Amino acid sequence: MSISPELAEVIDFLRGHAPFDRLTPEQLESAARRIEIIYRRRGEVLLGIGQANTALAVIRRGAVEVHDGAGRLINRLAEGESYGLPSLLTGKPVRNRVTLIEDGLLYLLPVADFNRLRAANAAFEQHFVSTLEERMRAAAEAGGGNELMATPVSRLGSRAPVMVGPEASIREAAQLMSQKGVSSILIGNAERMQGIVTDRDLRNRVLAAGLDPNEPVTRIMTPDPTHLDVHRPVFEAFLVMANRGIHHLPLTREGKPAGMITTRDLVSLQTQHPLYLVRQVGKQDTVEGLQDVTRRMPRMFALMLENGARPEDVMRMLSALTDAVTRQLLRMAEERFGPPPMPYAWLAFGSQARNEQGPHTDQDNGLLLAQTPDEGGADYFETLSKFVCAGLDACGYVFCNGDVMAQNPRWRQPLDVWQGYFRSWMHEPDPKALLHASIFFDQRCVHGDRSLLDALQESLFDASPRHGIFLAVLAKHALTHEVPLGLFRRFVVEHRGEHRDTLDMKKAGSLPLNDLLRVRALAAGIREPGGLARIEGLRRMGRMADIDAAELSAAFRLLARLRLEHQAAQLAAGDKPDNRINPSQLNRIDRDALRDAFLVIRQAQAGLANAFGVQ
């Protein structure tokens, strides 16, 4: 079929704009033939609140404004952009009014054709998962974020999983997928999930590779796939799928297969988490581009708090953003300086490792190398680490005052040297060793070869419970942090200077809590670095009573919430965030709860002293 000049013009325009630039030539032509071209005048309402949205609208010429029900401006969109995506993707009535602010020419693709393209082209579909800032803003303004945070993933994956046994052939698995109308299938049985096969696996590992479809399905499955318990929140599904770059996430209940969710399930939600920032990071190829993304972090941070996000989820999201920026800088460095001469692991320490970052933080990181590099390798890793650390600083993650960064050659070492560091700190727990313990024993691999960190942790966490003297000294050091409560449960605040009448929530609460949990976790061989994870690990192992674990978890969350809310208010006022609050300015409920939290920490410190025989 010939292409008319008018159709060619539509194709050329669409080809130059995402996500149509991700379509095959055949898909693009088919879409262009289905498009209706309309002309509308300035001031015309294109979508009204409450009406149904029946087409993907692409602005060919002109501009629109999006307002919510209260008349507040949410967004402005211009040539090449689309409006009305939340209602189009969810099938729900339109929630925001879209009005032309100048005469416009619009391309309308019927929703049925739009959905066919989404099903046929994963990259086209992914665009609508990754970059819909309008949906995030609309959800935030409508107060829908709390639902996203709390909704269990079972709401998205209530359908029983489609499964075949490991003895099935590739053909049988594909036929069952077609029969059930699903894009993935689990390999295993009702008790255990052995692997997963997706439609992409069928294309790439079977059709493209010319593999015999009578071969066993285990030939093409991804073994032991990442999965999530059905009771976890949708927020966590977003985080897992974004960090691992996967489109299908199996669900489990008590470790047994229970369902499946996909990126399409996520875009069907009427609300969306501000995860788009993390995804946007992966699209940048310059430090300046990363700076543009991280400048939006304070707004994301504020929206999460406004929409009722739990403090641990806010901190995890901020840490995920730091992780994403770090990984992208490392990818950029490898593209610029060439492939690394050996495997390495980029390690995060401190609050980033614990997934407990706030909106203002410095960087604590190191480089773990597979072996001692030669001169050329040493130069490579020095150049790479300086590039990444400088990039992080430019993006707002300022240089560490203590120089705990991979650009410092001391913290850019092979595995055996890192193992030697930890051995020396545990054998000779002097004040410097205790300082290092408070930083380096909270560790996580952000990028690279995770097996290197596993090897380090094998030697570290297997040995630490046997070093009783080291743990006792570490416990004694943890007890040097006194909670700021005096006689009659009065807060002990600064009495003079610029910080008068305030207390440092990090120094007074989070630091002593993290220090005592670190000692308890090391003694138990628990590798998870996060505060809540350590509490739960100790509880499961029977090393902490249920009531104590509940009280410490509540104290952790309260301290985090008060800090985050205080910092959000400072950012809104244009001030640099800090950790200092004035207890007298808290409402009575929070003030009383803060006293209780400090008492819980004091009691936990007393328990630590008894456990390790220190005064």
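The shown structure was predicted, so the numbers you read here are calculated from the model rather than taken from an experiment.

With respect to the overall build of the protein
Within the protein, the regular secondary structure consists of 25 helices and 19 strands. Its C-alpha atoms give the protein principal-axis dimensions of roughly 85 × 60 × 50 Å. Counting across all 615 residues of the protein, residues that qualify as buried make up 54%. Long-range contacts, defined here as pairs at least 24 residues apart, represent 72% of the contacts in the protein between residues at least 6 apart. When the accessible area of the protein is evaluated, it comes to approximately 27900 Å², of which 48% is carbon and sulfur surface.

Overview of the sheet that holds strand β10 (residues 222-223)
The strands making up a sheet associate through hydrogen bonds between their backbones, and the pairing can be parallel or antiparallel. Across the sheet, 4 strands lie side by side as β7-β8-β9-β10; this open sheet has mixed pairing. Of all strands in the sheet, those with a lone pairing partner are β7 (163-164) and β10, marking the two edges. Relative to strand β9 (residues 193-198), helix α9 (residues 199-207) is tilted by about 75°, and along the sheet it contacts β9 and β10.

Considering helix α2 (residues 25-34)
Residues of α2 that are buried: Gln27, Leu28, Ala31 and Ala32. All buried residues of α2 fall inside an arc of 135° around its axis, so they share one side. Among the exposed residues of α2, those oriented more than 90 degrees off its buried face are Pro25 and Glu26. Residues of α2 that are buried in the fold lie against α1 (5-15), β6 (97-110) and α4 (111-120).

Let's talk about the pairing of strand β17 (residues 443-448)
Most of β17 is tucked away: 5 of the 6 residues are buried. Judged from the 5 bridges that link them, strand β14 (residues 344-349) and β17 form a sheet pairing that is antiparallel. Bridge pairing in β17 places Ala345 opposite Gly448.

Description of the packing of helix α21 (residues 468-478) against helix α25 (residues 588-612)
Where α21 contacts α25, the axes come no closer than 10 Å and their chain directions differ by 155°. Relative to α25, the element α21 lies roughly antiparallel. Between α21 and α25 lies a crossing of left-handed hand. Of α25, the residues touching α21 (which contributes Leu471, Ala472, Ala475 and Ala478) are Gln605, Leu608 and Phe612. Considered class by class, the residues forming the contact of α21 with α25 number 6 nonpolar, 1 polar and no charged.

Some remarks on unusual backbone geometry
In this structure, Pro19 follows Ala18 across a cis peptide bond, with omega equal to 0°. Along the chain, Pro19 turns up in the loop between α1 and α2. For Asp501, which is not glycine, the phi torsion reads 70° and is therefore positive. Turning to its location among the elements, Asp501 is positioned in the loop between α21 and β18 (503-504). For Asp501, a relative accessible area of 37% gives the class partly exposed.

A word on α4
Asp113, Phe114, Leu117 and Arg118 are the residues of α4 that are buried. On an axial view of α4, the arc spanned by its buried residues comes to 145°, and they lie on one face. Every exposed residue of α4 that faces more than 90 degrees away from the buried side is listed here: Arg116, Ala119 and Ala120.

Looking at the environment of Met163
Relative to the assigned elements, Met163 resides in strand β7. Setting aside its immediate chain neighbours within four residues, Met163 contacts Leu176, Ile185, Leu186, Ile187, Gly188, Asn189, Arg192 and Pro257.

Here's the deal with the pairing of β14
In terms of residue burial, β14 counts as a mostly covered element, since 6 of its 6 residues are buried. Neither face of β14 is open: one carries Tyr344, Trp346 and Ala348, the other Ala345, Leu347 and Phe349, and all of them are buried. Relative to strand β15 (residues 365-369), β14 runs antiparallel, the two being bridged by 5 bridges. Looking across to β15, one finds that Leu347 is bridged to Gly366.

As for the pattern of salt bridges
The final tally for this structure, using the stated rule, is 32 salt bridges. Close ionic contact of Lys256 with Glu191 constitutes a salt bridge, the shortest N to O distance being 3.2 Å. Of the two residues, Lys256 sits in strand β13 (residues 256-262) while Glu191 sits in the loop between β8 (184-188) and β9, which places them 65 residues apart along the sequence. Via salt bridges that share partners, Arg354, Glu356, Asp442, Asp515, Arg518 and Arg534 belong to a single interconnected network.

Considerations on the state of the cysteines
Applying the stated criterion across every chain yields a total of 0 disulfides. Distance from the sulfur of Cys389, which forms no disulfide, to the nearest cysteine sulfur (Cys400) is 9.9 Å. Not engaged in a disulfide, the cysteine Cys395 finds its nearest cysteine sulfur in Cys389; these two sulfurs lie 12 Å apart. Given the relative accessible area of 8%, Cys395 is considered buried.

Thoughts on the sheet that holds β14
Spatially, 4 strands are ordered β16-β15-β14-β17 in an open sheet, and the strand pairing comes out mixed. The sheet is open, and its two borders are formed by β16 (412-414) and β17, each paired with just one other strand. Each neighbouring strand pair of the sheet contributes to a mean axis angle of 30°, computed without reference to strand direction. Sitting on the sheet, helix α20 (residues 450-463) touches β14, β15 and β17, and the angle it makes with β17 is about 160°.

Observations concerning the nonpolar core
Ranked by size, the top nonpolar core spans 116 residues in total, and within it Trp346 and Leu594 carry the most contacts. For this core, the element with the highest residue contribution is helix α15 (residues 311-337), accounting for 12 residues.

Here we look at the layout of surface pockets
Roughly 1200 Å³ of internal volume is contained in the second largest pocket. Considering the residues around the second largest pocket, the lining is formed by 44 residues, among which Ser351, Arg354, Asp362, Asp364 and Lys506 are closest to the centre. At 8 residues, helix α22 (residues 505-524) tops the list of elements feeding residues into the lining of the second largest pocket. Each residue belonging to the lining of the second largest pocket can be placed in one class, and the counts come to 16 nonpolar, 17 polar and 11 charged.

About the thresholds
Residues numbered from 1 in each chain as written. Predicted model: local features only at pLDDT ≥ 70, side-chain atom pairs only at ≥ 80, totals over all residues. Heavy atoms only, no water. Helix = DSSP H or I, 4+ residues; strand = E, 2+ residues; numbered from the N terminus. Buried < 20%, exposed > 50% of the residue type's maximum accessible area, 1.4 Å probe, protein only. Contact = heavy atoms within 4.5 Å. Areas by Shrake-Rupley, 256 points an atom, 1.4 Å probe, with all protein chains shown as cover. Pairing = 2+ DSSP bridges. Axes fitted to C-alpha atoms, helices over the stretch in contact; angles between N-to-C directions. Arc of directions from axis to C-beta. Parallel < 35°, antiparallel > 145°, perpendicular 65-115°, else oblique. Left-handed = near helix turned anticlockwise from the far one by under 90°. Nonpolar A, V, L, I, M, F, W, Y, C, P; charged D, E, K, R; others polar. Salt bridge = Lys/Arg side-chain N within 4 Å of Asp/Glu carboxyl O. Disulfide = S-S within 2.5 Å. Core = buried A, V, L, I, M, F, W, Y, C linked by side-chain atoms within 4.5 Å. 1 Å grid on protein atoms, 1.4 Å probe; cavity = no way out; pocket = protein on both sides within 12 Å on 5 of 7 lines; lining within 4 Å. Points joined across faces, edges and corners; volume = space filled by probe spheres on them.

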